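# Breakdown of the fold
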Amino acid sequence: MPELPEVETVRRGLYDLIIGREIKAVEHDTPKSFPNAAADVEQFLIGAKITDVRRRAKVLLIDLATEYTLVIHLKMTGQLVFRVAGIAFGAGHPNDSLIGELPDRSTRVTFTFADGSHLYFNDQRKFGWVRLMPTLEVPNIDFMKKVGPEPLEHDFTAEQFTERFARRAKSPIKAALLDQTVVAGVGNIYADESLWGAKIHPLTKVGDVTKNEFKKLYSELRDVMNLSIEKGGSTDRNYVNAEGKKGSYIDFARVFRREGKPCPRCGTTIIKFKAAGRGTHICPHCQVLK
DNA sequence: CACTTGACCTGTCCGC
DNA sequence: TGCGGACAGGTCAAGT
């Protein structure tokens, strides 16, 4: 579910809500969602205060004063929702809330803070996970060692972006865009949206994408991700922010989940097919396979 | 090493 | 209404 803009939205929300809070207890319904040794939990999590909330690619990092970090991946259906004790943000709230009382049946991990508030990790499909590890070891995780640069960093240039694709010359551009070791944080929504913006067919071989097309793809990807962060991310099904509310980027999407509707640029009917193993949306007039 | 496919899970939607 | 199958925003491991 969540891609870079969604994870960043959760990060910003959590940053404002949980910094300085002290963890009093943790419960989980499945070891898969929280695969940590009880001794580590007792020593480095319980009683620890939260000092920072960071993000790298689609991974959330909640730093603790014990110099341990909660490393969290939401995968397809993960949610991290904060609730003040006794107050249900879901009930009686405007219709931007997707969930009601917590915990619910998808709640996998519950953190209870010393003041009685809670942080819930919900995950319908159980692909996601929360792991506790020393802060200094986080960069040594295989994923962190292999993951590509952050596309929204100010000093990340179009030239660097283009170079990252060089070794994937024979891949369809969409598969390479989704490859986290090329560039961090791109998922199915922003791959389709940025390829439409740059007028590139998703099955175009990387080696056939011109320098100018890469330049356009680079700026479209950054624009679409920045716009999404501004809109609080995309809620297609499950995604909610740290307060349990939906994001609205999907209302601004040009092709994603808009099959059968007109292309906003030329009016041609948008089609959906399978590319790189994923549902893929294009305008067949604007995006032509070379 | 580059590239593709299937697996991991649960829920929902669509066609019969 | 019931049931089987396809599909869902992400990685991994194992295959070629």
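Above this text you will find the structure in question.
In what follows, the accompanying structure is described.

## Focus on the packing of helix H6 (residues 188-197) against helix H7 (residues 211-230)
Between H6 and H7, the shortest axis-to-axis distance is 8 Å and the interhelical angle comes to 130°. By the angle between their directions, the pair H6 and H7 is classed as oblique. As H6 packs across H7, the resulting crossing turns out to be right-handed. On the side of H6, the interface is formed by Tyr190, Glu193, Ser194, Leu195 and Gly197, while H7 contributes Lys216, Leu217, Glu220, Leu221, Val224, Met225 and Ser228.

## Observations concerning the protein's contact with DNA strand C
Around DNA strand C sit 24 residues, and of these Lys58, Asn188, Arg237, Tyr239 and Arg278 come closest. Between DNA strand C and serine 234, the relevant distance is 3.0 Å, taken from a base nitrogen to a main-chain nitrogen or oxygen of the residue. The separation between a phosphate oxygen of DNA strand C and a polar side-chain atom of arginine 278 is 2.6 Å. Elements supplying a minimum of two residues to the surface near DNA strand C: H6, strand S9 (271-275) and strand S10 (278-282). A class-by-class count of the residues in the surface near DNA strand C yields seven nonpolar, seven polar and ten charged.

## Considerations on the protein's contact with DNA strand B
Residues in close proximity to DNA strand B include Lys32, Arg105, Gln124, Arg125, Lys126, Phe127, Arg167, Arg168, Ala169, Lys170, Ser171 and Pro172, which together make up its full environment. Restricting attention to atoms of DNA strand B within 4 Å of the protein, one finds that 69% of them are sugar or phosphate atoms. Between arginine 167 and DNA strand B, the recorded distance is 3.4 Å, taken from a backbone N or O atom to a phosphate oxygen. In the model, a sugar or linking oxygen of DNA strand B is placed 3.3 Å from a nitrogen or oxygen of the serine 171 side chain. Among the residues forming the surface near DNA strand B, the class breakdown is three nonpolar, two polar and seven charged.

## Some thoughts on the layout of surface pockets
In this model, the second largest pocket occupies a volume close to 250 Å³. In terms of lining residues, the second largest pocket is bounded by Leu4, Glu8, Arg12, Arg55, Arg56, Glu150, Leu152, Glu153, His154, Asn226 and Ile229. Among the elements that make up the lining of the second largest pocket, the one with the highest residue count is helix H1 (residues 4-18) (three residues). Looking at the lining of the second largest pocket residue by residue, the class counts come to three nonpolar, two polar and six charged.

## A closer look at the sheet that holds strand S6 (residues 107-113)
If you walk across this open sheet you meet the four strands as S1-S6-S7-S5, and the pairing is antiparallel. Looking at which strands have only one partner, the edges of the open sheet turn out to be strand S1 (23-28) and strand S5 (78-83). Shown here is a sheet whose adjacent strand axes are inclined to one another by a mean of 15°, direction ignored. H1 rests against S5, S6 and strand S7 (118-123) of the sheet, and its axis sits at about 25° to S5.

## Considering unusual backbone geometry
Trans peptide bonds make up most of the peptide bonds, and negative phi angles are found at most residues other than glycine. The linkage connecting leucine 102 with the following residue, proline 103, adopts the cis geometry, with an omega of 0°. Residue placement: proline 103 occurs in the loop between S5 and S6. Located in the positive-phi region is alanine 276, a residue other than glycine, with phi close to 55°. Position of alanine 276 among the secondary structure elements: in the loop between S9 and S10.

Thresholds, definitions, all that
Residues numbered from 1 in each chain as written. Chains lettered and ligands numbered in written order. Predicted model: local features only at pLDDT ≥ 70, side-chain atom pairs only at ≥ 80, totals over all residues. Heavy atoms only, no water. Axes fitted to C-alpha atoms, helices over the stretch in contact; angles between N-to-C directions. Helix = DSSP H or I, 4+ residues; strand = E, 2+ residues; numbered from the N terminus. Parallel < 35°, antiparallel > 145°, perpendicular 65-115°, else oblique. Left-handed = near helix turned anticlockwise from the far one by under 90°. Contact = heavy atoms within 4.5 Å. Near = heavy atom within 4 Å. Polar contact = N/O pair within 3.5 Å; in protein donor to acceptor, adjacent residues only side chain to side chain. Nonpolar A, V, L, I, M, F, W, Y, C, P; charged D, E, K, R; others polar. 1 Å grid on protein atoms, 1.4 Å probe; cavity = no way out; pocket = protein on both sides within 12 Å on 5 of 7 lines; lining within 4 Å. Points joined across faces, edges and corners; volume = space filled by probe spheres on them. Pairing = 2+ DSSP bridges.

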